[in-house]
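Here is what each chain is made of, one letter per residue.
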Amino acid sequence: MQQILDYFDRFDPQWGWVLTVFLIVLLTVIGNFFARKLLDRADRLYPQFATHNAHTMAAVLEMAEGRRRSFEFQRLHGMGHLLYDEVLDASPEAAVRVW
């Protein structure tokens, strides 16, 4: 584990990042954990995921496991429309709200 942390600490300052890569990865894992928890409670909640990130959308679609109408994606008008066009072509049952 220490070797991984040393690797990230070595390259973060070169790129001028405020957050370390390790912290960004950790926050992504935590976010995915809570996304799965929300999707598991879709009988009581209606999860809404606002994102323009292809990896996040892919993760949510994978975690949904056929429950595509139990949640929705959200995007801002004029942003991410090409990504959402691709997702809707591949998964036409996915719900999308445009703000």
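Structural data are supplied above this passage.
Structural notes, computed from the coordinates.

## So, helix α3 (residues 54-64)
Within the sequence span of α3, burial applies to Met-57, Ala-59, Val-60, Leu-61, Met-63 and Ala-64. At the C-terminal side of α3, Glu-65 shows a positive phi close to 45°.

## Observations regarding the nonpolar core
Counting 13 residues, the largest nonpolar core has Leu-39, Phe-49, Val-60, Phe-71 and Phe-73 as its most contacted members. Looking at this core, the elements with two or more residues in it are α2 (21-40), α3 and α4 (81-90). For this core, the element with the highest residue contribution is α3, accounting for six residues. When neighbours within four sequence positions are excluded, Val-60 is seen to be in contact with Leu-39, Phe-49, Phe-71 and Phe-73.

## Notes on the pattern of salt bridges
This model, assessed by the stated rule, comprises two salt bridges. Between Asp-43 and Arg-44 there is a salt bridge; the shortest N-O distance is 3.6 Å. The pair Asp-43 / Arg-44 is uniform in exposure class, with both members exposed. Arg-97 is the partner of Glu-72 in a salt bridge, and the nearest nitrogen-oxygen pair spans 2.7 Å. With Glu-72 in strand β2 (residues 72-75) and Arg-97 in strand β3 (residues 95-98), this pair connects stretches of sequence that are 25 residues apart. Given a relative accessible area of 5%, Glu-72 falls into the buried group. The partly exposed category is assigned to Arg-97, whose relative accessible area is 36%.

## Things to note about the side chain of Thr-51
Among the secondary structure elements, Thr-51 is positioned in the loop between β1 (48-50) and α3. Thr-51 gets classed as buried once you look at its relative accessible area, which sits at 9%. At a separation of 2.9 Å, a polar atom in the side chain of Thr-51 contacts the main-chain amide nitrogen of Asn-53. The contacts of Thr-51, once residues within four sequence positions are left out, are Thr-56, Met-57, Phe-73, Gln-74 and Tyr-84.

## Comments concerning the pairing of β2
Within a regular beta strand, the side chains point alternately toward one face of the sheet and then the other, so they alternate between its two faces. On β2, burial covers both faces: Glu-72 and Gln-74 on one face and Phe-73 and Arg-75 on the other are all buried. As defined by bridge partners, β1 adjoins β2 across three bridges and the pair is classed as parallel. Residue pairing in the sheet places Phe-49 in a bridge with Phe-73 of β2. Regarding topology, α4 serves as the crossover connection from β2 to the parallel β3, and that connection is right-handed.

What counts and what doesn't
Residues numbered from 1 in each chain as written. Predicted model: local features only at pLDDT ≥ 70, side-chain atom pairs only at ≥ 80, totals over all residues. Heavy atoms only, no water. Buried < 20%, exposed > 50% of the residue type's maximum accessible area, 1.4 Å probe, protein only. Helix = DSSP H or I, 4+ residues; strand = E, 2+ residues; numbered from the N terminus. Core = buried A, V, L, I, M, F, W, Y, C linked by side-chain atoms within 4.5 Å. Contact = heavy atoms within 4.5 Å. Salt bridge = Lys/Arg side-chain N within 4 Å of Asp/Glu carboxyl O. Polar contact = N/O pair within 3.5 Å; in protein donor to acceptor, adjacent residues only side chain to side chain. Pairing = 2+ DSSP bridges. Right-handed = clockwise from strand over helix to strand, strands pointing away.

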